[in-house]
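A closer look at the structure
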Amino acid sequence: MRPVDAPIVTAAEMRAAEAACFAGGASQTALMEAAARAIAREAARFAMGRPITVLAGAGNNGGDAFGAARFLAEQGFDVVVAALGQAGGGAAAMRSRWSGATVALHEAPVRPLVVDGLFGIGLSRAITGAPAAAIERLRAGADFVLAIDIASGLDADSGEARGIVLRADATLALGAVKRGHFQGAGIGASGALLLDTLGLSVDSPVRMLARPRLAAPGAADHKYTRGLVGVVAGTMPGAARLAAGAAARGGAGYVVLAGEDAGVPFDAVVQRAAIDPERAAAVLVGPGLGRGDMACTLCEEWLSSDLTLVLDGDALSLIDADSLRLRTAPTVLTPHAGEFARLFGEPSGDRIAAALDAAQRSGAVVVLKGATTIVASSSGEARVHRPSSWLSTAGTGDVLAGLVAARLAVTKAPFRAACEAVWLHARAAALAGPALVADDLAMHIPIAIAECL
Ligand SMILES: NC(=O)C1=CN([C@@H]2O[C@H](COP(=O)(O)OP(=O)(O)OC[C@H]3O[C@@H](n4cnc5c(N)ncnc54)[C@H](O)[C@@H]3O)[C@@H](O)[C@H]2O)[C@H](O)CC1
Ligand SMILES: [K+]
(Lines give C-alpha, C1' and ligand atoms only; values in the text may rest on other atoms or scores of the structure.)
(Ligands and ions follow the chains in the order given, each with its own letter.)
Protein backbone atom coordinates (compact mmCIF):
# COMPACT_ATOMS: atom_id res chain seq x y z
CA MET A 1 0.00 0.00 0.00
CA ARG A 2 1.05 3.63 -0.43
CA PRO A 3 1.91 4.85 3.09
CA VAL A 4 -0.07 7.84 4.42
CA ASP A 5 0.45 9.41 7.84
CA ALA A 6 2.85 6.55 8.58
CA PRO A 7 5.57 6.62 11.26
CA ILE A 8 9.05 7.20 9.85
CA VAL A 9 11.83 5.34 11.67
CA THR A 10 15.58 5.10 11.91
CA ALA A 11 17.35 1.78 11.42
CA ALA A 12 17.84 1.54 15.18
CA GLU A 13 14.12 2.13 15.80
CA MET A 14 13.27 -0.54 13.23
CA ARG A 15 15.57 -3.06 14.86
CA ALA A 16 14.05 -2.25 18.26
CA ALA A 17 10.56 -2.87 16.89
CA GLU A 18 11.70 -6.17 15.37
CA ALA A 19 13.35 -7.16 18.68
CA ALA A 20 10.14 -6.39 20.55
CA CYS A 21 8.26 -8.55 18.06
CA PHE A 22 10.70 -11.44 18.60
CA ALA A 23 10.53 -10.92 22.36
CA GLY A 24 6.79 -11.31 22.04
CA GLY A 25 7.32 -14.79 20.62
CA ALA A 26 7.40 -14.16 16.86
CA SER A 27 10.22 -15.87 15.00
CA GLN A 28 12.63 -14.13 12.63
CA THR A 29 11.89 -16.76 10.02
CA ALA A 30 8.14 -16.09 10.27
CA LEU A 31 8.81 -12.38 9.82
CA MET A 32 11.09 -13.05 6.84
CA GLU A 33 8.48 -15.35 5.32
CA ALA A 34 5.88 -12.59 5.69
CA ALA A 35 8.31 -10.11 4.14
CA ALA A 36 9.07 -12.51 1.30
CA ARG A 37 5.39 -13.02 0.59
CA ALA A 38 4.82 -9.25 0.48
CA ILE A 39 7.78 -8.74 -1.86
CA ALA A 40 6.60 -11.53 -4.17
CA ARG A 41 3.12 -9.96 -4.28
CA GLU A 42 4.51 -6.61 -5.42
CA ALA A 43 7.10 -8.17 -7.78
CA ALA A 44 4.39 -10.21 -9.50
CA ARG A 45 2.47 -6.98 -10.13
CA PHE A 46 5.43 -5.26 -11.73
CA ALA A 47 6.75 -8.32 -13.61
CA MET A 48 3.56 -8.80 -15.63
CA GLY A 49 4.65 -12.35 -16.46
CA ARG A 50 8.18 -11.41 -17.61
CA PRO A 51 11.45 -13.02 -16.35
CA ILE A 52 12.86 -11.81 -13.03
CA THR A 53 16.36 -11.52 -11.61
CA VAL A 54 16.39 -11.47 -7.80
CA LEU A 55 19.53 -10.03 -6.16
CA ALA A 56 20.30 -11.49 -2.73
CA GLY A 57 22.89 -10.10 -0.33
CA ALA A 58 24.46 -11.85 2.62
CA GLY A 59 22.16 -10.30 5.23
CA ASN A 60 18.45 -10.54 5.96
CA ASN A 61 17.65 -8.27 3.03
CA GLY A 62 19.02 -11.17 1.00
CA GLY A 63 17.03 -13.59 3.10
CA ASP A 64 13.87 -11.75 2.13
CA ALA A 65 15.01 -11.96 -1.48
CA PHE A 66 15.49 -15.75 -1.46
CA GLY A 67 12.03 -16.13 0.08
CA ALA A 68 10.45 -13.86 -2.52
CA ALA A 69 12.18 -15.83 -5.31
CA ARG A 70 10.67 -19.04 -3.96
CA PHE A 71 7.14 -17.60 -3.86
CA LEU A 72 7.53 -16.15 -7.36
CA ALA A 73 8.81 -19.48 -8.77
CA GLU A 74 5.85 -21.25 -7.11
CA GLN A 75 3.60 -18.86 -9.07
CA GLY A 76 5.31 -19.94 -12.28
CA PHE A 77 7.60 -16.97 -12.84
CA ASP A 78 10.99 -17.50 -14.53
CA VAL A 79 13.24 -16.49 -11.62
CA VAL A 80 17.00 -16.61 -11.12
CA VAL A 81 18.74 -15.53 -7.93
CA ALA A 82 22.08 -13.69 -8.17
CA ALA A 83 23.72 -13.98 -4.75
CA LEU A 84 26.44 -11.90 -3.11
CA GLY A 85 28.41 -13.80 -0.49
CA GLN A 86 27.25 -16.52 1.84
CA ALA A 87 23.92 -15.89 3.58
CA GLY A 88 24.31 -16.02 7.31
CA GLY A 89 21.84 -16.11 10.20
CA GLY A 90 18.17 -16.14 9.33
CA ALA A 91 19.00 -15.59 5.68
CA ALA A 92 20.70 -19.00 5.52
CA ALA A 93 17.40 -20.72 6.31
CA MET A 94 15.68 -18.75 3.57
CA ARG A 95 18.51 -19.52 1.16
CA SER A 96 18.29 -23.26 1.97
CA ARG A 97 14.60 -23.27 1.01
CA TRP A 98 15.40 -21.89 -2.43
CA SER A 99 15.75 -24.75 -4.93
CA GLY A 100 15.89 -22.74 -8.13
CA ALA A 101 18.84 -21.37 -10.13
CA THR A 102 21.45 -19.38 -8.20
CA VAL A 103 24.35 -17.58 -9.88
CA ALA A 104 27.06 -15.28 -8.56
CA LEU A 105 26.15 -11.59 -8.54
CA HIS A 106 28.63 -10.72 -11.30
CA GLU A 107 26.88 -13.34 -13.52
CA ALA A 108 23.40 -11.92 -12.87
CA PRO A 109 21.37 -11.94 -16.10
CA VAL A 110 19.83 -8.61 -17.08
CA ARG A 111 16.07 -9.17 -17.08
CA PRO A 112 13.03 -6.86 -17.31
CA LEU A 113 12.40 -6.94 -13.56
CA VAL A 114 15.18 -6.81 -10.99
CA VAL A 115 14.30 -7.33 -7.32
CA ASP A 116 16.97 -5.69 -5.16
CA GLY A 117 17.70 -7.68 -2.02
CA LEU A 118 21.42 -6.84 -1.83
CA PHE A 119 21.48 -4.47 1.13
CA GLY A 120 18.81 -3.15 3.44
CA ILE A 121 19.14 -1.22 6.69
CA GLY A 122 22.35 -3.08 7.50
CA LEU A 123 24.45 -1.36 4.84
CA SER A 124 27.51 -0.30 6.79
CA ARG A 125 29.99 0.95 4.19
CA ALA A 126 30.21 2.09 0.58
CA ILE A 127 29.42 -0.46 -2.10
CA THR A 128 32.50 -0.89 -4.26
CA GLY A 129 34.15 -3.40 -6.61
CA ALA A 130 32.22 -6.25 -8.24
CA PRO A 131 28.87 -5.45 -6.52
CA ALA A 132 29.10 -1.87 -7.79
CA ALA A 133 29.80 -3.03 -11.35
CA ALA A 134 26.88 -5.46 -11.21
CA ILE A 135 24.57 -2.73 -9.90
CA GLU A 136 25.54 -0.42 -12.75
CA ARG A 137 24.99 -3.13 -15.40
CA LEU A 138 21.67 -4.33 -14.03
CA ARG A 139 20.24 -0.83 -13.58
CA ALA A 140 21.16 0.02 -17.15
CA GLY A 141 19.43 -3.06 -18.55
CA ALA A 142 16.38 -3.49 -16.35
CA ASP A 143 12.96 -2.06 -17.18
CA PHE A 144 11.98 -1.93 -13.52
CA VAL A 145 13.80 -2.29 -10.21
CA LEU A 146 11.86 -3.15 -7.06
CA ALA A 147 13.91 -2.47 -3.92
CA ILE A 148 13.39 -4.64 -0.86
CA ASP A 149 13.01 -2.31 2.13
CA ILE A 150 15.41 0.33 0.76
CA ALA A 151 17.39 0.82 -2.44
CA SER A 152 20.81 -0.79 -2.02
CA GLY A 153 23.48 1.81 -1.42
CA LEU A 154 21.30 4.22 0.59
CA ASP A 155 21.97 4.96 4.23
CA ALA A 156 18.70 4.05 5.97
CA ASP A 157 18.78 7.15 8.22
CA SER A 158 20.28 9.99 6.21
CA GLY A 159 19.37 8.71 2.74
CA GLU A 160 22.92 9.49 1.67
CA ALA A 161 24.47 7.37 -1.05
CA ARG A 162 27.19 5.06 0.23
CA GLY A 163 29.09 4.60 -3.01
CA ILE A 164 26.79 3.49 -5.81
CA VAL A 165 23.02 3.23 -5.38
CA LEU A 166 20.77 0.82 -7.26
CA ARG A 167 18.09 3.37 -8.08
CA ALA A 168 14.63 1.82 -7.62
CA ASP A 169 11.43 2.42 -9.54
CA ALA A 170 9.54 1.26 -6.47
CA THR A 171 10.53 0.41 -2.91
CA LEU A 172 8.60 -1.90 -0.64
CA ALA A 173 9.39 -0.74 2.90
CA LEU A 174 9.15 -3.53 5.44
CA GLY A 175 7.72 -2.88 8.88
CA ALA A 176 7.88 0.90 8.51
CA VAL A 177 9.14 3.59 6.14
CA LYS A 178 12.64 4.78 6.93
CA ARG A 179 14.06 8.29 7.21
CA GLY A 180 16.37 7.46 4.30
CA HIS A 181 13.39 7.17 1.96
CA PHE A 182 12.70 10.91 2.41
CA GLN A 183 16.09 12.61 2.35
CA GLY A 184 19.43 12.77 0.61
CA ALA A 185 19.81 10.48 -2.38
CA GLY A 186 16.82 8.55 -1.05
CA ILE A 187 14.47 11.17 -2.51
CA GLY A 188 15.46 10.34 -6.08
CA ALA A 189 16.46 6.69 -5.64
CA SER A 190 13.43 5.21 -3.86
CA GLY A 191 10.87 5.49 -6.63
CA ALA A 192 7.24 4.88 -5.64
CA LEU A 193 7.23 4.17 -1.90
CA LEU A 194 5.12 1.21 -0.78
CA LEU A 195 4.76 -0.19 2.72
CA ASP A 196 3.90 -3.55 4.25
CA THR A 197 3.91 -3.31 8.05
CA LEU A 198 4.19 -7.14 8.37
CA GLY A 199 1.89 -6.74 11.33
CA LEU A 200 4.62 -5.02 13.35
CA SER A 201 3.41 -2.26 15.66
CA VAL A 202 5.81 0.59 15.04
CA ASP A 203 5.37 4.09 16.42
CA SER A 204 7.47 7.22 16.14
CA PRO A 205 7.09 10.94 16.91
CA VAL A 206 8.32 11.43 13.33
CA ARG A 207 5.56 10.80 10.82
CA MET A 208 4.54 11.45 7.25
CA LEU A 209 2.41 14.58 7.02
CA ALA A 210 -1.26 13.71 6.65
CA ARG A 211 -4.03 15.84 5.23
CA PRO A 212 -5.21 18.08 8.12
CA ARG A 213 -8.76 18.26 9.42
CA LEU A 214 -9.84 21.92 9.25
CA ALA A 215 -13.01 23.52 10.56
CA ALA A 216 -15.15 26.28 9.10
CA PRO A 217 -15.59 29.39 11.26
CA GLY A 218 -18.28 29.05 13.91
CA ALA A 219 -21.49 31.06 14.08
CA ALA A 220 -19.97 33.36 16.70
CA ASP A 221 -16.75 33.95 14.78
CA HIS A 222 -15.81 37.30 13.30
CA LYS A 223 -12.64 38.68 11.72
CA TYR A 224 -10.88 39.17 15.07
CA THR A 225 -11.77 35.77 16.51
CA ARG A 226 -10.52 34.18 13.31
CA GLY A 227 -7.34 36.13 13.87
CA LEU A 228 -5.65 39.20 12.47
CA VAL A 229 -2.37 38.56 10.67
CA GLY A 230 0.13 41.39 10.36
CA VAL A 231 2.69 41.20 7.58
CA VAL A 232 5.68 43.51 7.87
CA ALA A 233 6.69 44.84 4.44
CA GLY A 234 10.23 45.91 3.60
CA THR A 235 12.36 46.78 0.61
CA MET A 236 10.71 44.18 -1.66
CA PRO A 237 6.97 44.71 -1.09
CA GLY A 238 6.00 42.08 -3.68
CA ALA A 239 7.16 39.32 -1.33
CA ALA A 240 5.08 40.74 1.51
CA ARG A 241 2.11 41.04 -0.84
CA LEU A 242 2.43 37.36 -1.79
CA ALA A 243 2.55 36.46 1.89
CA ALA A 244 -0.39 38.70 2.77
CA GLY A 245 -2.49 37.27 -0.05
CA ALA A 246 -1.75 33.74 1.09
CA ALA A 247 -2.62 34.65 4.68
CA ALA A 248 -5.96 36.06 3.59
CA ARG A 249 -6.79 33.00 1.50
CA GLY A 250 -5.38 30.71 4.22
CA GLY A 251 -8.14 31.42 6.75
CA ALA A 252 -7.02 34.57 8.61
CA GLY A 253 -9.93 36.81 9.57
CA TYR A 254 -8.11 40.04 8.74
CA VAL A 255 -4.75 40.77 7.13
CA VAL A 256 -2.85 44.02 7.57
CA LEU A 257 0.13 44.72 5.35
CA ALA A 258 2.30 47.20 7.22
CA GLY A 259 4.67 49.36 5.22
CA GLU A 260 4.76 52.57 3.29
CA ASP A 261 3.27 52.14 -0.22
CA ALA A 262 3.62 48.35 -0.01
CA GLY A 263 0.52 47.98 -2.12
CA VAL A 264 -1.95 45.13 -1.58
CA PRO A 265 -2.62 41.90 -3.53
CA PHE A 266 -6.36 42.58 -3.40
CA ASP A 267 -8.71 44.82 -1.45
CA ALA A 268 -9.39 42.30 1.31
CA VAL A 269 -5.85 42.95 2.50
CA VAL A 270 -5.55 46.28 4.30
CA GLN A 271 -2.42 48.39 4.00
CA ARG A 272 -1.50 50.43 7.07
CA ALA A 273 1.57 52.24 8.30
CA ALA A 274 1.77 49.93 11.32
CA ILE A 275 0.31 46.78 12.86
CA ASP A 276 -1.70 47.18 16.06
CA PRO A 277 0.00 44.72 18.42
CA GLU A 278 -3.13 44.60 20.56
CA ARG A 279 -5.09 43.17 17.67
CA ALA A 280 -2.57 40.89 15.97
CA ALA A 281 -2.93 37.11 16.46
CA ALA A 282 0.24 36.50 14.46
CA VAL A 283 2.86 38.70 12.83
CA LEU A 284 4.99 37.66 9.86
CA VAL A 285 8.40 39.30 9.54
CA GLY A 286 10.82 38.62 6.77
CA PRO A 287 9.42 38.32 3.26
CA GLY A 288 11.13 41.09 1.28
CA LEU A 289 12.19 42.79 4.52
CA GLY A 290 15.70 43.62 3.36
CA ARG A 291 18.80 43.49 5.55
CA GLY A 292 19.56 47.16 6.15
CA ASP A 293 19.34 49.17 9.36
CA MET A 294 15.58 49.60 9.12
CA ALA A 295 15.13 45.85 8.68
CA CYS A 296 17.35 45.14 11.69
CA THR A 297 15.36 47.59 13.80
CA LEU A 298 12.04 46.08 12.76
CA CYS A 299 13.31 42.59 13.47
CA GLU A 300 14.56 43.49 16.92
CA GLU A 301 11.29 45.26 17.75
CA TRP A 302 9.13 42.29 16.85
CA LEU A 303 11.50 39.73 18.41
CA SER A 304 11.33 41.59 21.72
CA SER A 305 7.52 41.67 21.59
CA ASP A 306 5.36 39.03 23.23
CA LEU A 307 3.50 38.43 20.00
CA THR A 308 3.24 35.17 18.07
CA LEU A 309 5.75 35.44 15.23
CA VAL A 310 6.56 33.76 11.94
CA LEU A 311 10.12 34.53 10.88
CA ASP A 312 10.98 33.95 7.24
CA GLY A 313 13.38 35.12 4.52
CA ASP A 314 15.52 38.12 5.44
CA ALA A 315 14.50 37.97 9.11
CA LEU A 316 16.28 34.61 9.32
CA SER A 317 19.45 36.32 8.15
CA LEU A 318 19.22 38.99 10.84
CA ILE A 319 18.66 36.90 13.98
CA ASP A 320 20.71 34.34 15.88
CA ALA A 321 19.27 31.03 17.01
CA ASP A 322 20.08 31.47 20.67
CA SER A 323 18.28 34.80 20.98
CA LEU A 324 15.09 32.96 20.08
CA ARG A 325 15.28 31.00 23.32
CA LEU A 326 14.51 34.26 25.13
CA ARG A 327 11.12 34.44 23.46
CA THR A 328 8.16 33.07 25.39
CA ALA A 329 5.56 33.67 22.68
CA PRO A 330 5.03 31.01 19.96
CA THR A 331 7.55 31.32 17.14
CA VAL A 332 7.74 29.52 13.80
CA LEU A 333 10.84 29.67 11.60
CA THR A 334 10.58 28.80 7.90
CA PRO A 335 14.19 28.51 6.66
CA HIS A 336 15.37 27.09 3.38
CA ALA A 337 18.61 25.07 3.48
CA GLY A 338 20.92 28.11 3.34
CA GLU A 339 19.08 30.04 6.03
CA PHE A 340 19.01 26.92 8.19
CA ALA A 341 22.74 26.35 7.80
CA ARG A 342 23.45 29.95 8.78
CA LEU A 343 21.28 29.70 11.88
CA PHE A 344 21.98 26.16 13.04
CA GLY A 345 24.91 24.85 10.98
CA GLU A 346 24.97 22.55 7.96
CA PRO A 347 22.87 19.40 8.64
CA SER A 348 25.16 16.38 8.95
CA GLY A 349 23.08 14.18 6.64
CA ASP A 350 19.95 13.33 8.58
CA ARG A 351 17.96 16.54 7.98
CA ILE A 352 15.08 15.28 10.13
CA ALA A 353 17.44 14.98 13.09
CA ALA A 354 18.91 18.40 12.29
CA ALA A 355 15.48 20.04 12.19
CA LEU A 356 14.53 18.43 15.51
CA ASP A 357 17.80 19.61 17.07
CA ALA A 358 17.16 23.14 15.76
CA ALA A 359 13.65 23.18 17.23
CA GLN A 360 15.04 21.97 20.55
CA ARG A 361 17.80 24.59 20.53
CA SER A 362 15.62 27.54 19.50
CA GLY A 363 12.40 26.55 21.25
CA ALA A 364 10.66 27.42 17.98
CA VAL A 365 8.79 25.27 15.50
CA VAL A 366 11.18 24.86 12.57
CA VAL A 367 9.94 24.33 9.01
CA LEU A 368 13.01 23.17 7.10
CA LYS A 369 12.01 23.59 3.47
CA GLY A 370 13.41 21.56 0.59
CA ALA A 371 12.62 18.65 -1.76
CA THR A 372 11.44 17.15 1.52
CA THR A 373 9.95 19.64 3.94
CA ILE A 374 10.27 18.85 7.65
CA VAL A 375 8.16 20.45 10.38
CA ALA A 376 9.89 19.94 13.73
CA SER A 377 8.86 20.94 17.24
CA SER A 378 10.91 21.21 20.43
CA SER A 379 8.75 18.41 21.87
CA GLY A 380 10.50 16.00 19.47
CA GLU A 381 7.61 15.67 17.04
CA ALA A 382 8.19 16.02 13.30
CA ARG A 383 6.13 15.73 10.13
CA VAL A 384 7.71 15.07 6.75
CA HIS A 385 6.26 15.99 3.36
CA ARG A 386 7.32 15.70 -0.29
CA PRO A 387 5.85 18.77 -2.07
CA SER A 388 5.91 19.26 -5.84
CA SER A 389 9.30 20.14 -7.27
CA TRP A 390 7.52 22.90 -9.24
CA LEU A 391 7.56 24.87 -5.98
CA SER A 392 11.25 25.55 -6.60
CA THR A 393 10.51 29.03 -7.96
CA ALA A 394 10.79 32.53 -6.47
CA GLY A 395 8.14 33.66 -4.05
CA THR A 396 6.67 30.31 -3.06
CA GLY A 397 8.40 30.61 0.32
CA ASP A 398 6.62 33.93 0.89
CA VAL A 399 3.32 32.18 0.21
CA LEU A 400 4.15 29.40 2.68
CA ALA A 401 5.12 31.93 5.35
CA GLY A 402 1.80 33.73 4.87
CA LEU A 403 -0.05 30.43 5.16
CA VAL A 404 1.80 29.60 8.39
CA ALA A 405 0.79 32.98 9.82
CA ALA A 406 -2.84 32.42 8.81
CA ARG A 407 -3.03 28.97 10.35
CA LEU A 408 -1.35 30.29 13.48
CA ALA A 409 -3.95 33.07 13.73
CA VAL A 410 -6.70 30.46 13.42
CA THR A 411 -5.31 27.63 15.56
CA LYS A 412 -3.00 29.49 18.02
CA ALA A 413 -0.98 26.20 17.90
CA PRO A 414 2.39 26.63 16.17
CA PHE A 415 3.22 22.99 15.33
CA ARG A 416 -0.29 22.25 14.09
CA ALA A 417 -0.37 25.54 12.16
CA ALA A 418 2.93 24.83 10.45
CA CYS A 419 1.80 21.31 9.51
CA GLU A 420 -1.48 22.61 8.10
CA ALA A 421 0.32 25.32 6.13
CA VAL A 422 2.87 22.92 4.62
CA TRP A 423 0.10 20.55 3.53
CA LEU A 424 -2.09 23.36 2.07
CA HIS A 425 0.90 24.91 0.30
CA ALA A 426 1.85 21.59 -1.32
CA ARG A 427 -1.73 20.86 -2.25
CA ALA A 428 -2.18 24.33 -3.79
CA ALA A 429 0.94 23.64 -5.86
CA ALA A 430 -0.46 20.31 -7.03
CA LEU A 431 -3.71 22.04 -7.99
CA ALA A 432 -1.84 24.85 -9.77
CA GLY A 433 0.00 22.26 -11.85
CA PRO A 434 3.34 22.32 -13.68
CA ALA A 435 5.31 25.51 -14.30
CA LEU A 436 3.42 27.38 -11.59
CA VAL A 437 4.56 30.75 -10.37
CA ALA A 438 4.14 31.89 -6.77
CA ASP A 439 1.27 34.21 -7.73
CA ASP A 440 -0.76 31.20 -8.92
CA LEU A 441 -0.82 29.52 -5.51
CA ALA A 442 -3.15 31.77 -3.50
CA MET A 443 -6.18 31.14 -5.70
CA HIS A 444 -5.85 27.37 -5.12
CA ILE A 445 -5.60 27.60 -1.33
CA PRO A 446 -9.38 27.72 -0.76
CA ILE A 447 -9.78 24.55 -2.86
CA ALA A 448 -7.11 22.85 -0.77
CA ILE A 449 -8.90 24.00 2.39
CA ALA A 450 -12.19 22.66 1.08
CA GLU A 451 -10.58 19.22 0.79
CA CYS A 452 -9.80 19.33 4.51
CA LEU A 453 -13.24 20.28 5.84
N1 LIG B 1 11.89 -4.44 9.16
C2 LIG B 1 11.37 -5.68 9.21
O3 LIG B 1 10.30 -5.92 9.72
C4 LIG B 1 12.12 -6.78 8.57
C5 LIG B 1 13.34 -6.55 7.95
N6 LIG B 1 14.03 -7.54 7.38
C7 LIG B 1 15.08 -7.34 6.44
O8 LIG B 1 16.31 -7.30 7.15
C9 LIG B 1 17.10 -6.26 6.56
C10 LIG B 1 18.24 -5.91 7.46
O11 LIG B 1 19.01 -7.08 7.52
P12 LIG B 1 20.52 -7.05 8.01
O13 LIG B 1 20.99 -8.45 7.97
O14 LIG B 1 20.61 -6.30 9.27
O15 LIG B 1 21.31 -6.16 6.97
P16 LIG B 1 21.31 -6.18 5.39
O17 LIG B 1 20.52 -7.33 4.86
O18 LIG B 1 21.00 -4.82 5.00
O19 LIG B 1 22.84 -6.49 4.93
C20 LIG B 1 23.88 -6.24 5.69
C21 LIG B 1 24.90 -7.34 5.31
O22 LIG B 1 25.70 -6.82 4.29
C23 LIG B 1 27.01 -6.60 4.77
N24 LIG B 1 27.39 -5.31 4.22
C25 LIG B 1 27.03 -4.09 4.67
N26 LIG B 1 27.54 -3.14 3.87
C27 LIG B 1 28.23 -3.77 2.89
C28 LIG B 1 28.97 -3.36 1.75
N29 LIG B 1 29.07 -2.08 1.44
N30 LIG B 1 29.56 -4.29 0.96
C31 LIG B 1 29.44 -5.60 1.25
N32 LIG B 1 28.74 -6.10 2.31
C33 LIG B 1 28.14 -5.17 3.11
C34 LIG B 1 26.87 -6.63 6.27
O35 LIG B 1 28.06 -7.08 6.84
C36 LIG B 1 25.73 -7.63 6.45
O37 LIG B 1 26.21 -8.95 6.33
C38 LIG B 1 16.09 -5.21 6.30
O39 LIG B 1 16.51 -4.22 5.42
C40 LIG B 1 14.93 -6.03 5.72
O41 LIG B 1 15.10 -6.25 4.34
C42 LIG B 1 13.67 -8.90 7.76
O43 LIG B 1 14.21 -9.85 7.00
C44 LIG B 1 12.17 -9.06 7.68
C45 LIG B 1 11.50 -8.13 8.61
K1 LIG C 1 17.57 -3.48 -0.96
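Predicted, not measured: the structure shown is a model, and the values here were computed from it.

1. Quick look at the sheet that holds strand 7 (residues 170-174)
Read across the sheet, seven strands follow the order 4-3-2-5-6-7-9 without closing on themselves; strand pairing throughout is parallel. Either end of the sheet is taken by a strand with one partner, and the two such strands are strand 4 (101-104) and strand 9 (192-196). On average, adjacent strands in this sheet sit at an angle of 20° to one another, irrespective of strand direction. Across four bridges, strand 5 (residues 113-117) lies against strand 6 (residues 144-148) in parallel orientation. Of the residues in strand 6, the one forming a bridge with Leu113 is Phe144.

2. Regarding the packing of aromatic side chains
Under the definition given, this model contains three aromatic pairs. When the ring of Tyr224 is compared with that of Tyr254, the centres are 5.6 Å apart and the planes differ by 45°; the resulting orientation is tilted. Separated by 30 residues along the polypeptide, Tyr224 in helix 7 (residues 223-226) and Tyr254 in strand 12 (residues 254-258) bring together distant segments of the chain. Between Phe340 and Phe344, the ring centres sit 5.1 Å apart and the planes meet at 45°, which makes this aromatic pair tilted. Here Phe344 and Phe340 lie together in helix 12 (residues 337-344), a separation of four residues that amounts to about one turn. Judged on exposure class, the residue Phe340 and its partner Phe344 are both buried. One cation-aromatic arrangement involves Arg249 over Phe266; the distance from NZ or CZ to the ring centre is 4.8 Å.

3. Some words on the nonpolar core
General note: in soluble globular proteins, nonpolar side chains tend to be found buried as a group. Counting residues in hydrophobic clusters, the biggest one holds 68 residues, and the most contacted among them are Ile39, Ile52, Leu55, Leu113 and Leu146. The element best represented in this core is helix 2 (residues 28-47), accounting for eleven residues. By size, the runner-up hydrophobic cluster in this structure holds 52 residues, among which are Leu257, Val310, Ala418 and Leu441.

4. A closer look at the pattern of salt bridges
In total, this model carries 21 salt bridges according to the counting rule given. Between Arg111 and Asp78 there is a salt bridge, and its shortest N-O distance comes to 2.9 Å. Linking Arg111 in the loop between strand 4 and strand 5 with Asp78 in the loop between helix 3 (60-74) and strand 3 (79-83), this pair joins segments that are 33 residues apart in sequence. By relative accessible area, which is 41% here, Asp78 ends up partly exposed. Its salt-bridge partner being Lys178, residue Asp149 comes within 2.6 Å of it at the nearest N-O pair. On the criterion of sequence distance, the pair formed by Asp149 in the loop between strand 6 and strand 7 and Lys178 in strand 8 (residues 177-178) is long-range, its members being 29 residues apart. Residues participating in the shared-partner salt-bridge network are Arg41, Glu42, Arg45 and Asp196.

What counts, and at which threshold
Starting afresh in each chain, residues are numbered from 1 along the sequence in its written order. Working convention: letters from A go to chains and numbers from 1 go to ligands, in the order in which they are written. Where totals are concerned, whole chains, interfaces and linings use all residues; where local detail is concerned, this predicted model gives features only for residues with pLDDT of at least 70, and gives and counts side-chain atom pairs only at 80 or more. For the side-chain quantities, the full set of heavy atoms in the structure was used; hydrogens and water were omitted. Note on pairing: DSSP must find at least two bridges between two strands before they are called paired. Secondary structure elements follow DSSP: runs of H or I no shorter than four residues count as helices, runs of E no shorter than two count as strands, and numbering proceeds from the N terminus. Every axis corresponds to a line fitted to the C-alpha atoms, with the helix fit spanning only the stretch in contact, and the corresponding angles, defined between N-to-C directions, vary from 0 to 180 degrees. A pair of Phe, Tyr and Trp rings is counted when the ring centres sit within 6.5 Å of each other, with Trp represented by its six-membered ring. The angle between the planes then sorts it: under 30 degrees is stacked, over 60 is edge-to-face, the rest tilted. For every residue, the accessible area obtained with a 1.4 Å probe (protein chains only) is divided by the maximum for its type, and the residue is called buried under 20%, exposed over 50%, and partly exposed between those limits. Put simply, a charge is over a ring when the Lys NZ or the Arg CZ is close to the ring centre, within 6 Å, and near the line of the ring normal, within 35 degrees. For our purposes a nonpolar core is just a set of buried Ala, Val, Leu, Ile, Met, Phe, Trp, Tyr and Cys residues, chained together by side-chain atoms within 4.5 Å. Here, a salt bridge means any side-chain nitrogen of Lys or Arg that lies within 4 Å of a carboxyl oxygen of Asp or Glu.

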